[in-house]
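Coordinate inspection notes
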Amino acid sequence: MTGRPGRTGRSGSQAGAGDLLELVRSGRAVTRGALQQATGLSRATVGQRLDRLFRAGWLREGAGGPVDSPLGGRPSITLEFDGSHAVVLAADLDTRHARAAVLSLTGEILAEHAGPLAVEDGPDAVLAELGRWFGELLTKAGHAGEEVCGIGLAVPGPVDSETGLVVQPPIMPGWDGYDIRGRLSRAFAEHTGAPAVPVLVDNDANLMAYGEQRTGHPGCTAFVLVKVSTGIGAGVVVDGSVYRGADGGAGDIGHIRVGADALCRCGSYGCLAAVASGGAVARRLAASGVPAASGSDVRDLLAAGHPQAAALAREAGRQVGDVLATVVTLLNPAVLMIAGDLAGTPFLTGLRELLYQRALPRSTAHLEVLTSRLGDRAGLIGAGAMVVEHLYAPERAEERLSQMGV
């Protein structure tokens, strides 16, 4: 998990230890000389700033770099972010199941667990169970609760990123306005005995998009991921940052009206999710006598080659593709990634049919339409990256160093 592209630190005497850390993490300056050049600080001041980072355990010296001078001399010692000084916890909630993990600061999954967990059981019960999972996972990974620096949580609903509150979620009864951060922090402390740590919450499609873009398409400046499972949602990453809109509602394409008369779980009629989500396909299969109750059941049927499930998935792809033609024309992304239970050949075939038929040729001339690379782990990777970017951003890093007394 390197620093986000395009971010610039302060220069001159304003550049603090956090800014130097950002330069190293992003790879823009990885030697003392390069840091001097990037910030305009003196050699002694750079040394003082770096000393704080070394004492905190956040930086380490790596191998010597190439000798730039034609006169030769000793190679410059490179600096590296030390991802071993702490770990991150992450969880990704779906409507009926969840996945949780312990991750290194560089995004490696150290221990992982997946199991049934229904959001309709309410936030108190669900977050308490996640706290128990976290305690067991830390033991499995061989890390203590005191080594955790933060927790990231992906949820299937719109989130106000400033408050961490879920805002009027269509498929999360009882979660609207609930203090997720506080409850999950307490659950973590209860099951590990460790002090409370920061908890960050975001929409699942946002974090899946963030994880996929950072790990597989770091140079992509306009990236869209669409998750089609029990519901439908999209995550948009522009210039390395998640685009959330004014209050966290960006990407909620599942509730765009498509003219059908189907009742959506949000209470409205004609939403895209009501006719083209995994849940919608499951309901149509169940009505015809095929056992299916959720998007994950549809995924299993598609994997088994069930012809009716494949036909319905292709039709759902056409309906989503029709909506995405507008999204692609508006945002002009370089990558459109499809993830979730329906992300297979039948759905993609239908999606491409309508997308390329309806979108402007200029908007799709350089568009890649792909399926998820990280699969079920995308939300975990994105949630872990969100925590690391928050905690080691320049200003927050300065605050934490001061709190540590270094």
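Residues numbered from 1 in each chain as written. Predicted model: local features only at pLDDT ≥ 70, side-chain atom pairs only at ≥ 80, totals over all residues. Heavy atoms only, no water.

What follows is about the sheet that holds strand E12 (residues 241–242). The mixed open sheet is built from five strands, whose spatial order is E12-E11-E10-E13-E14. A single partner strand is all that each edge strand has here, and the edge strands are E12 and strand E14 (368–371). When strand E11 (residues 232–238) meets E12, the two strands line up antiparallel, connected through two bridges. When the bridges of E12 are listed, Val 237 appears paired with Val 242. Packed onto the sheet, helix H6 (residues 204–216) meets strand E10 (222–228), E11, E12 and strand E13 (335–339) and runs at close to 45° relative to E11. (Pairing = 2+ DSSP bridges. Helix = DSSP H or I, 4+ residues; strand = E, 2+ residues; numbered from the N terminus. Contact = heavy atoms within 4.5 Å. Axes fitted to C-alpha atoms, helices over the stretch in contact; angles between N-to-C directions.)

Let us now look at the packing of helix H8 (residues 278–287) against helix H10 (residues 307–331). Two elements in contact, H8 and H10, have axes separated by 10 Å at closest approach and are oriented at 140°. Between H8 and H10, the crossing angle belongs to the class labelled oblique. H8 and H10 meet at a crossing whose hand is right-handed. From H8, Val 281, Arg 284 and Leu 285 reach across to H10, where they touch Gln 308, Ala 309, Leu 312 and Ala 316. (Parallel < 35°, antiparallel > 145°, perpendicular 65-115°, else oblique. Left-handed = near helix turned anticlockwise from the far one by under 90°.)

Now for unusual backbone geometry. Residues other than glycine seldom take positive phi values, yet Asp 239 does so here, at roughly 50°. Relative to the elements of secondary structure, Asp 239 occurs in the loop between E11 and E12. Asp 239 gets classed as exposed once you look at its relative accessible area, which sits at 51%. Phi is positive for Asn 332, close to 50°, though the residue is something other than glycine. Counting through the fold element by element, Asn 332 comes out in the loop between H10 and E13. Owing to a relative accessible area of 38%, Asn 332 belongs among the partly exposed residues under this scheme. (Buried < 20%, exposed > 50% of the residue type's maximum accessible area, 1.4 Å probe, protein only.)

For any pair of aromatic rings, geometry is given as the distance between the ring centres together with the angle between the planes. Applying the stated rule across the entire model yields two aromatic pairs. Ring geometry for Trp 58 against Tyr 392: centres 5.0 Å apart, planes inclined by 75°, an arrangement best described as edge-to-face. Of this pair, Trp 58 sits in the loop between helix H3 (43–56) and strand E1 (59–64) while Tyr 392 sits in the loop between helix H13 (378–391) and helix H14 (394–404), and the two are 334 residues apart along the sequence. Each member of the pair Trp 58 and Tyr 392 is classed as buried. (Phe/Tyr/Trp six-rings, centres within 6.5 Å; stacked < 30°, edge-to-face > 60°.)

With that out of the way, let us pick up the nonpolar core. Among the nonpolar cores identified, the biggest contains 37 residues, and Val 226, Leu 324, Leu 336 and Leu 355 are the most heavily contacted of them. Elements that contribute at least two residues to this core include exactly E10, E11, helix H7 (272–276), H8, helix H9 (295–303), H10, E13 and helix H11 (345–358). No other element matches the nine residues that H10 contributes to this core. Residues in contact with Leu 355, not counting those within four places in the same chain, are Gly 321, Leu 324, Ala 325, Val 328, Leu 336, Leu 367 and Val 369. Counting 32 residues, the second largest nonpolar core, distinct from the first, contains Leu 89, Leu 117, Val 119 and Leu 127. (Core = buried A, V, L, I, M, F, W, Y, C linked by side-chain atoms within 4.5 Å.)

With the rule as written, the count across this model stands at 25 salt bridges. Residues Arg 183 and Glu 190 are paired through a salt bridge, measuring 4.0 Å at the closest nitrogen-oxygen approach. The class for Arg 183 is buried, based on a relative accessible area of 9%. Since its relative accessible area comes to 55%, Glu 190 is described here as exposed. Asp 202 serves as the salt-bridge partner of Arg 244, at 2.8 Å between the closest nitrogen and oxygen. With Arg 244 in the loop between E12 and H7 and Asp 202 in strand E9 (residues 199–203), this pair connects stretches of sequence that are 42 residues apart. Since its relative accessible area comes to 23%, Arg 244 is described here as partly exposed. The class for Asp 202 is buried, based on a relative accessible area of 1%. Ionic contacts of the salt-bridge type, sharing partners, join the residues Arg 99, Glu 112, Arg 299, Asp 341, Asp 376 and Arg 377 into one network. (Salt bridge = Lys/Arg side-chain N within 4 Å of Asp/Glu carboxyl O.)

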